[in-house]
Amino acid sequence: MSETSQYPANPFGDWDGSPAAARAMQQTLASQVRVGDDFAPLRLIAGVDVGFEEGGSITRAAAVLLDAETLELVGSSLARIPTNMPYVPGLLSFRELPAVLQALAELPAMPDLIFADGHGIAHPRRLGIAAHLGVVTGLPTIGVAKKLLTGEHDELDPARGAQVALRDRKTGEVIGCVLRSKDRVRPLIVSPGNRVSIATAPLLVMRYVTRYRLPEPTRLADRLASRRQEKAVARRLLGHTD
């Protein structure tokens, strides 16, 4: 893809590599997150997810690009780069973002919205990987996580589409929602990353849920990132069904 200006090669500026400096940077970047609907009509949507190879020494990021109306797979990419830091709770984006940006840059076009496997503002410092990605690219993003990182919520109805607010335990601030994407399955943690509102984020997730728990963009990215059924995704690019 020739248009890569919104995918910076260095998303961390002069970060010295320390967890303390990363947390300070999160505080600064979190103030730049825009929580509100500010996106064009959706033509192309992307999903990103990350896995690791060789005992964690290689970061493997997957990105998929889908037609927003038909969910036809337009393109996919994989980026493998040396892992730049160990796992530190709450600092996942500093470990995964360089590979994610490289994978996005290798897609055939820029998406109108990115679904990231991970958290948006539902994060202790309001800067999960979806929010970090949204700030450094300027693009609309949504975090779709499989597990709760922070916050509390009321009991959730078992029916498909049920949702309850996710709130900060100390302040009561709404930072996302807990969403049941399929009947009686484990819920998803959905939160805005950037340029999407708290109310709209779960609506967009449900718009792209088919017969699986995950919405199609992150489901397909997850399959590539985890190396599961890689050939099936390739078949979709060739116009075959799963």
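Residues numbered from 1 in each chain as written. Predicted model: local features only at pLDDT ≥ 70, side-chain atom pairs only at ≥ 80, totals over all residues. Heavy atoms only, no water.

Of note, His-123 is situated in the loop between strand S4 (113-117) and helix H3 (129-137). In this structure His-123 comes out as buried when scored by relative accessible area, which is 3%. There is a polar contact of 2.8 Å between the side chain of His-123 and the backbone oxygen of Gly-90. A polar contact of 2.9 Å, which involves the side chain of His-123, links it to the backbone nitrogen of Arg-125. (Helix = DSSP H or I, 4+ residues; strand = E, 2+ residues; numbered from the N terminus. Buried < 20%, exposed > 50% of the residue type's maximum accessible area, 1.4 Å probe, protein only. Polar contact = N/O pair within 3.5 Å; in protein donor to acceptor, adjacent residues only side chain to side chain.)

Attention now moves to the pairing of strand S7 (residues 174-179). Each regular strand carries side chains that alternate between the two faces of the sheet. Counting buried positions along S7 yields 5 of 6 residues, so the element is predominantly enclosed. Pairing of strand S6 (residues 163-167) with S7 involves 5 bridges; the strand directions are antiparallel. Residue pairing in the sheet places Ala-165 in a bridge with Cys-177 of S7. Hairpin connection between S6 and S7: a loop of 6 residues separates the two successive antiparallel strands, and Gly-172 in this loop has a positive phi of roughly 80°. (Pairing = 2+ DSSP bridges.)

The positions that UniProt labels "binding site: Mg(2+)" (unreviewed entry) are, in the present scheme, Asp-49 and Asp-117. The greatest C-alpha distance among the annotated residues, which extend across 69 residues, is 5.2 Å, indicating that they converge on a single site. Lining residues of the largest pocket drawn from the annotated list: Asp-49 and Asp-117. In contact with Asp-49, not counting residues within four places along its chain, are Arg-60, Ala-61, Ala-62, Asp-117, Ala-221, Asp-222 and Ala-225. Relative to the helices and strands, Asp-117 resides in strand S4. Accessibility expressed as a relative area gives 17% for Asp-117, which makes it buried. Not counting residues within four places of it along the chain, the set of residues in contact with Asp-117 comprises Val-48, Asp-49, Ile-129, Val-144, Lys-146 and Thr-218. (UniProt positions renumbered as here; feature names shortened; annotations may be inferred. 1 Å grid on protein atoms, 1.4 Å probe; cavity = no way out; pocket = protein on both sides within 12 Å on 5 of 7 lines; lining within 4 Å. Contact = heavy atoms within 4.5 Å.)

Now for the environment of Leu-92. Counting through the fold element by element, Leu-92 comes out in helix H2 (residues 92-105). Counting along the chain gives 86 residues from Leu-92 to Val-178, while the straight-line C-alpha distance between them is 21 Å.

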